[in-house]
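Residue strings, one per chain:
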Amino acid sequence: MSFFHGAHTKIRGDMKNTNIGGDVNNIHTEHHHYHNGRSQNAVEELREHIAAGAMHDSAERCDAPKCHPETRVAVQDELVGWIENGDKEEELKKIVWVSGPAGGGKTAIMGSTAETCQKKGLLACGFFFSSFTGSTNRRFKRCLVPTLAYQLVQHKALRDVGERILSCVEHDPAIFEKQVEVQFDQLLLQPLREGRRGSDWPKVIFIDGLDECQAEQHGDYPRTPQEVARASEADQKEILHALLKAANDPSFPFRIIIASRPEHIIQSFFTDIAHHTTRRIFLDDKYNPDADMLLFLEAKFAEIRREYHLSASWPSTDVKQTLVENASGQFIYVATAMRFIEGSSAPPQELLDQVMALRRQDVSANPFAPLDALYTHILNSSAKPLLAARWLSVIFRTKALDGRVSNKSSARRTQLFLESSPGEASYVFRDLNSLVSIPPTDDHTSPYSLFHKSLTDFLEEPSRCGDLYVGDLHELYYTRYLQIWKDKGPATPLSALEKGDFLHQFLEMPVFINFGWLMEQNFEMYDVAWWVRSQDESTKHSNCENPNCHADRVQILFCWIHSECNWYQRCRPVCRYIRTEMLKELQKLGWKIPSRVHLLRHRFRHLESYQAGISRPRAIRSRDDSSLEEEP
C-alpha cells in the first residue's frame, strides 16, 4: 500500500538535466555545420543522451591504457589492414571480434588503433564501455546509439548524414526511449541509406568492453547477482543483434570492431549466429606478447634508472625475463608490477625484490595465479589489508555509492561517507597507488577508479583472494549509513555549505532491509524525526531521476523495519519506536498516514507473504499511489 500522501510533490521544471559523463570540453560545442535554430536544438537534445566519456578521445579516457610505442604492432597492423583493404578479401566480413583473457591488452589495442584510424580519416565513431571506471553512463546500453550518432553528426565528411540524424531527433524526441535496434535503424541506418555517399567517408566503428555493459537498476528493490547477470547478458545480446543487423545491411558503409572477453553469451553469439559475418582475433601467443612486454619493461625500467640515477645494467636481463614469464601473456601483470615498483613507499630495488620474492605460481590450475599473488602482496602491504578490501568492495563491487544520475560518486563524497575518522581514506589507500587512481585532495569531483577490472574479478572470488574476500558487501555501507544518521553528518568536520550538500546526497542513497537488524541496539539514539523532515525537505530539491525518490525512502523504511515482526506477537521495540516516530513527524508535515485499519491489513498481508516463504514487502514505488502495493 502507498501509505503516505500529500508529501508536497514538486517536480522541477528542469528535470531534464544535461549531465554528461566525462569532459564536456571534449565535445564540439560550436556545431560548425548546423546553423539553423531547429538543428541546433536537435544537437542539444542529442547531446543530453550521450556518454561523452565513452568516446575514444575523451578527457575521461586520458589515463586509459594505450599500447606502449612499438608494442602490439602486429595486431594493430592486422586491424588497420583489414579496415583499409578488407573489401579485397574473397570472403567479405564486416565485423571483427577481438577477444582474449582479462589483462591481455584488449582496451589498449582498441584505444591505440582508434587513434591511428582517426589520424588516417578512417574512424567514424566509437563507444568504450567501462563498468569500473569513469562516468556511470558508460556502463549502460541506453547511451550507446546516441553517442555513436552524435559522433557522426560531428564528422566533417558526414554532413548530409548528420542533417538527417538531427531531423530524426526533431521529429521523434522519444527515440532515445526505444529499443536499441529501433534506435540503430532510425538514428543510424536510415540516415546512412538516404545520405549522399562521399569518397572521403570514414570506414570503421569501434565498440570496446561489450562484456562490461550492465543492466540498469530501476528503483530501489535489490536484485540478486543472478538476476543482474541475466539482465546484463540480455542487454549485451540486444546490442550484438543490432550491430549484426547493421553489418548485414547493404547501405551500412562501416566495418565494426568489437572487443570483449570471451564470455559465454558473446562467444555463443559469434559462434552460432554471426560466424559468417565475423572475423576473430584472439590475443594469444601468435601475436608474441612476451616480446612486447619485454619492450615495455625496458622502457619503464629506463625511466626509473634516470629518476634514481641507477646503473645502466639495472635490473638484470634475467629479472626482466622472469617478470615476463610470470605474466603468462597478461599485460596487466607487468603494468601493475611496474606501477608498484615506481611507487614511493620504498626504494625501487626493494620493491622489485618484493615482487621477485613472490612464490612462482603454477598457472596450469589457475592462469591468474601470478597476478593474484601480486594483487595479494600489494593489498597486504597496506596498513589495514582487510579494511582496504572492504573499501574497494563497496566502491567497485556494489556501486551502492553511485548517484541517481549518470555520474559516479566523487572520491571526496566516497571519503566522507566511508571514513569513520578524519583522514582514514589516505590511511587506507596510502600504498595502493598501483591499483587505484586517486584524485588529488583538492579535486572534489573526480571519482576513484581502478587501473584494471581484473582487480574486481580477484576480489569477487574467495578462491583467488583468500583472507581478503569480503562476503557481506553491504555491511560497511549499513554501518556507515546508520552512523551518519546518528551523527547527522560525516566524521570529517565540514563547512555548513559542504555539510548541507553532503547530507542532500546522503538522503538520496538506498535504504536496505538490513538496517532494521543493525538498529536493534540503541535504536532510540536515531533521530527519526530529523531523518523524516530531511527527506521531506529534500523532495522539493531532488536531483533523483525519480522525483519521488525521497518519499520512496520513507515508504521503504516504514515497511522494512516491520518486515521481521511476527503477526501473532507484539512488534519488536525497534519497529514500534521507528514507526511511531515516523508517523508522528509525517502527520506534522501534512502527509496522509495509514489508519489503524490499514496497518492491521498490512500486518495480515505480511502473514500471507510469510507463509509463501517471503519475509519482506516490496519497496513502494510512488507516494502518490493510492492503493496498497502488493507484496511479492
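The shown structure was predicted, so the numbers you read here are calculated from the model rather than taken from an experiment.

**Student:** So, the overall build of the protein chain: which residues are in play, and what are the values?
**Tutor:** What the protein chain contains, in helices and strands, is 25 helices and 7 strands. In the protein chain, once contacts between residues fewer than 6 apart in sequence are set aside, the share between residues at least 24 apart is 77%. Surface exposure of the protein chain reaches about 27,800 Å², of which carbon and sulfur atoms provide 49%.

**Student:** Give a description of the confidence of the model for the protein chain that names residues and reports values.
**Tutor:** Averaged over all residues, the pLDDT of the protein chain is 82; the fraction at 70 or higher stands at 84%. Within the protein chain, the lowest mean pLDDT, 57, falls on helix α25 (residues 596-611), and the highest, 98, falls on strand β3 (residues 204-208). A low-confidence stretch, residues 607-632 stays under pLDDT 50, and its non-local contacts, those more than four residues away or across chains, total 77 contacts.

**Student:** Explain the environment of Ile-378 to me, and be specific about the residues and the numbers.
**Tutor:** You can see Ile-378 is positioned in helix α13 (residues 369-380). With residues near it in sequence (within four places) discarded, Ile-378 still touches Thr-336, Phe-340, Asp-431, Leu-432, Ser-434 and Leu-435.

**Student:** Which residues make up the sheet that holds strand β2 (residues 123-128), and what values go with them?
**Tutor:** Taken in spatial order, the 5 strands line up as β2-β3-β4-β1-β5 in an open sheet, and their pairing is parallel. Edge positions in the sheet fall to β2 and β5 (278-282), since each of these pairs with one other strand and no more. Sheet twist, expressed as the mean angle between neighbouring strand axes with direction ignored, is 15 degrees. Sheet topology note: the β3/strand β4 (residues 255-260) ladder contains 5 bridges and is parallel. For Asp-208, the partnering residue across the bridge sits in β4 and is Ala-259.

**Student:** Could you give an account of helix α19 (residues 475-487), with specific residues and numbers?
**Tutor:** A rise of 1.5 Å per residue sets the reference length of α19, with its 13 residues, at 18 Å; its end C-alpha atoms lie 18 Å apart and thus fit the reference within 8%. For α19, the full list of buried residues reads Leu-476, Tyr-477, Tyr-478, Arg-480, Tyr-481, Leu-482, Ile-484 and Trp-485. Lys-488 sits one or two positions beyond α19 and adopts a positive phi of about 60 degrees.

**Student:** Residues and numbers for the environment of Leu-351, please.
**Tutor:** With respect to the secondary-structure elements, Leu-351 resides in helix α12 (residues 348-357). Owing to a relative accessible area of 1%, Leu-351 belongs among the buried residues under this scheme. Between the alpha carbons of Leu-351 and Ile-341 there is a distance of 5.2 Å; along the sequence they are 10 residues apart. Leave out the neighbours within four places in its chain, and Leu-351 touches Phe-340, Ile-341, Gly-343, Ser-345 and Ala-346.

**Student:** For the nonpolar core, give the residues involved together with the corresponding values.
**Tutor:** Membership of the largest hydrophobic core comes to 97 residues, with the highest contact counts inside it found for Phe-417, Tyr-481, Trp-485, Phe-506 and Trp-531. Examining the composition of this core, we find that 9 residues originate from one element, helix α11 (residues 331-341), more than from any other. Each residue touching Trp-485, except ones within four places of it in the same chain, is listed here: Phe-506, Met-519, Tyr-526, Asp-527, Val-528, Trp-530, Trp-531 and Leu-557. Judged by nonpolar contacts, the second largest core, of 57 residues, contains Val-43, Phe-184, Leu-187 and Leu-189.

**Student:** An account of the packing of helix α5 (residues 159-171) against helix α6 (residues 180-194) is needed here, citing residue identities and associated values.
**Tutor:** A pair of packed helices is captured by two measures, namely the crossing angle of their axes and the spacing between those axes. Two numbers describe how α5 lies on α6: the axes approach to 9 Å, and their chain directions differ by 135 degrees. As summarised for this structure, α5 and α6 are arranged oblique, according to the angle between their axes. You can see that α5 and α6 cross each other, and the crossing is right-handed. Taken together, the residues of α6 that come into contact with α5 (itself represented by Asp-160, Val-161, Arg-164, Ile-165, Cys-168 and Val-169) are Gln-186, Leu-187, Pro-191, Leu-192 and Glu-194. Classifying every residue of the contact of α5 with α6 gives 7 nonpolar, 1 polar and 3 charged.

**Student:** Requested: an account of unusual backbone geometry, with residues and values cited.
**Tutor:** Omega for the bond connecting Trp-314 with Pro-315 falls within 30 degrees of zero, at -15 degrees, which places this linkage in the cis form. The phi angle at His-309 is positive, at roughly 55 degrees, despite the residue not being glycine. Phi angles above zero are rare outside glycine, and Lys-488 is one such case at about 60 degrees. Note that Lys-488 resides in the loop between α19 and α20 (496-506). On the basis of relative accessible area, Lys-488 is assigned to the partly exposed category, the value being 30%.

**Student:** Residue-level account of the pattern of salt bridges, with values.
**Tutor:** Taken as a whole and assessed by the stated rule, the structure comprises 26 salt bridges. Between Arg-464 and Asp-372 there is a salt bridge, with its nearest N and O atoms 2.6 Å apart. Taken together, the residues Arg-464 in helix α18 (residues 462-465) and Asp-372 in helix α13 connect sequence positions 92 residues apart. A network of salt bridges, in which partner residues are shared, links Asp-160, Arg-164, Glu-194 and Arg-196.

**Student:** For a negative patch on the surface, give the residues involved together with the corresponding values.
**Tutor:** Together, Asp-284, Asp-285, Asp-290 and Glu-325 make up a negatively charged patch on the protein surface. Looking at the secondary structure, you find Asp-284 in the loop between β5 and α9 (289-308). Judged by its relative accessible area of 33%, Asp-284 falls in the partly exposed class.

**Student:** Please set out α20 residue by residue, giving values where relevant.
**Tutor:** Residues Phe-502, Leu-503, His-504 and Phe-506 constitute the buried set of α20. Along its buried surface, α20 packs onto α15 (411-418), α19, α22 (528-538) and α23 (549-560).

**Student:** Please provide a residue-by-residue account of the pairing of β3, values included.
**Tutor:** With 5 of its 5 residues buried, β3 lies for the most part within the structure. The alternating pattern of β3 places Val-204, Phe-206 and Asp-208 and Ile-205 and Ile-207 on opposite faces, both of which are buried.

**Student:** Go over the side chain of Arg-397, please, and point to the residues and values.
**Tutor:** Mapped onto the secondary structure, Arg-397 falls in helix α14 (residues 385-398). Glu-460 provides the closest opposite charge to the buried, salt-bridge-free Arg-397, at an N-O distance of 4.4 Å. Contacts of Arg-397, omitting those with residues within four sequence positions, involve Leu-392, Leu-459, Glu-460, Tyr-469, Val-470 and Leu-473.

**Student:** Lay out the pairing of β2 in plain terms, naming residues and giving numbers.
**Tutor:** Of all 6 residues making up β2, 6 are buried, and the element is well covered by its neighbours. Of the pairings in the sheet, the one linking β2 to β3 comprises 5 bridges and is parallel in character. For Gly-126, the partnering residue across the bridge sits in β3 and is Phe-206.

Thresholds, definitions, all that
Residues numbered from 1 in each chain as written. Predicted model: local features only at pLDDT ≥ 70, side-chain atom pairs only at ≥ 80, totals over all residues. Heavy atoms only, no water. Helix = DSSP H or I, 4+ residues; strand = E, 2+ residues; numbered from the N terminus. Contact = heavy atoms within 4.5 Å. Areas by Shrake-Rupley, 256 points an atom, 1.4 Å probe, with all protein chains shown as cover. pLDDT = per-residue confidence, 0-100. Pairing = 2+ DSSP bridges. Axes fitted to C-alpha atoms, helices over the stretch in contact; angles between N-to-C directions. Expected span 1.5 Å × (residues − 1). Buried < 20%, exposed > 50% of the residue type's maximum accessible area, 1.4 Å probe, protein only. Core = buried A, V, L, I, M, F, W, Y, C linked by side-chain atoms within 4.5 Å. Parallel < 35°, antiparallel > 145°, perpendicular 65-115°, else oblique. Left-handed = near helix turned anticlockwise from the far one by under 90°. Nonpolar A, V, L, I, M, F, W, Y, C, P; charged D, E, K, R; others polar. Salt bridge = Lys/Arg side-chain N within 4 Å of Asp/Glu carboxyl O. Patch = residues over 30% accessible without salt bridge, like charges linked within 9 Å, V, L, I, M, F, W, Y side chains within 5 Å. Lys, Arg positive; Asp, Glu negative; His and termini not counted. Charge placed at Lys NZ, Arg CZ, Asp CG, Glu CD.

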